[in-house]
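Chains, contacts and geometry: an overview
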Amino acid sequence: MRFNRQTTLRSRATVTGVGVHSGLPANLTLGPASIDAGFVFIRTSPDGTERRVQAAAKSVTSTNFATVLGDQQGSLVSTAEHVLAALRGLGVDNATIELDGPEVPIMDGSSAAFVAAIDQAGIVEQSAARRFIQVLKPVRVTKGEAVGELRPYKRGFRVEVEIDFANPVIGHQDYSIDLDPESFRREISRARTFGCMNDVARLRSAGFALGASLENSMVFDDERLLNAGGLRYADECVRHKVLDAIGDLALAGLPLIGGYRSARGGHKLNHAVLTALMADRTAWRVVEDQPVSRPRSQGELVGGMVGGMAAAYGPNVS
């Protein structure tokens, strides 16, 4: 099903969990937002005060093992990528994300809980045409052995990721997907975060992975996966890296029309490529989808699946 107008959430939905790095509890509530609002994080305090930060590349304060957003006063929201991936992956354009702790709850390590929350809230069309960032020429970044590139791709948004880990159980994996709500839901949303057992002590001594467990992360030793339930996909690790890339690239502020390729990368590379794209004003333009032929009311419920980025090849305007 194709929709040409912007979308938001019909109502609010809340998930509760702990942060994978902080180990601290948090409630996260997804809610509606106005036309052209994009994704806005609202950090609430026990005394009722609020601080807001736009989900944008310029708001990134750290990319060490997670994507952290903040403002001039400091960091506000850690591990933003999984909830952003769910919103972008299901074709939501505008939403508020309220959080009463320092980190988005990790839930089961994937985007599945956020997908369920979006389904619970429902998705509605708004009155304005959808807008996209169209990549006009290749932008490439190299960081050591890691290489990332955004390039033109007329058929919507394509993500290609390759990983190559020294751990023999993970090893080399690659995965490619043309993103739309159905493919995100089926192929990507349930892929969990992962790590290696021999890295746990080092990460925790540095203040990371304090909330990690076999309930919210895949953990490998040199011979096997330690989680009793096994893998959800044979190549779940690289699919999770695709999920991370979708969430990190949601910080463009609008859905992308283009292809993204990452080899041996992660949050740092994703952010570096997006930053390089936005810095080169000749490498992209904002385009609008053509209006729908049948008018729809702003409050019309369109359910949990909308025809998102892949439906973006109507006439373009600069």
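Residues numbered from 1 in each chain as written. Predicted model: local features only at pLDDT ≥ 70, side-chain atom pairs only at ≥ 80, totals over all residues. Heavy atoms only, no water.

Under an unreviewed UniProt entry, the name given to the protein chain is UDP-3-O-acyl-N-acetylglucosamine deacetylase, and the organism recorded is Nitrobacter winogradskyi. The record held by UniProt for the protein chain lists under Function (unreviewed entry) the comment "Catalyzes the hydrolysis of UDP-3-O-myristoyl-N-acetylglucosamine to form UDP-3-O-myristoylglucosamine and acetate, the committed step in lipid A biosynthesis." Entered under Pathway (unreviewed entry) in the UniProt record, the comment concerning the protein chain runs "Glycolipid biosynthesis; lipid IV(A) biosynthesis; lipid IV(A) from (3R)-3-hydroxytetradecanoyl-[acyl-carrier-protein] and UDP-N-acetyl-alpha-D-glucosamine: step 2/6." (UniProt positions renumbered as here; feature names shortened; annotations may be inferred.)

**What about the side chain of S59?**
Here S59 shows up in the loop between β5 (50-54) and β6 (60-62). In this structure the side chain of S59 is engaged in a polar contact, spanning 2.8 Å, whose partner is the backbone oxygen of Q54. Among residues more than four places away in sequence, those in contact with S59 are V53, Q54, V68, L69 and G70. (Helix = DSSP H or I, 4+ residues; strand = E, 2+ residues; numbered from the N terminus. Polar contact = N/O pair within 3.5 Å; in protein donor to acceptor, adjacent residues only side chain to side chain. Contact = heavy atoms within 4.5 Å.)

**Focus on the UniProt feature "binding site: Zn(2+)" (unreviewed entry) in the protein chain**
Feature annotation in UniProt places "binding site: Zn(2+)" (unreviewed entry) on H82, H240 and D244, given in this structure's numbering. Despite a sequence span of 163 residues, these residues sit close together in the fold, their greatest C-alpha distance being 9.5 Å. Residue classification places H240 among the buried residues on the basis of a relative accessible area of 2%. Look past the residues within four positions of H240 in its chain and what remains in contact with it is H82, G109, A191, R192 and T193. Tracing the sequence through the fold places D244 in helix α5 (residues 236-249). Beyond its immediate stretch of four places on either side in the chain, D244 contacts E81, H82, H267 and N270. (Buried < 20%, exposed > 50% of the residue type's maximum accessible area, 1.4 Å probe, protein only.)

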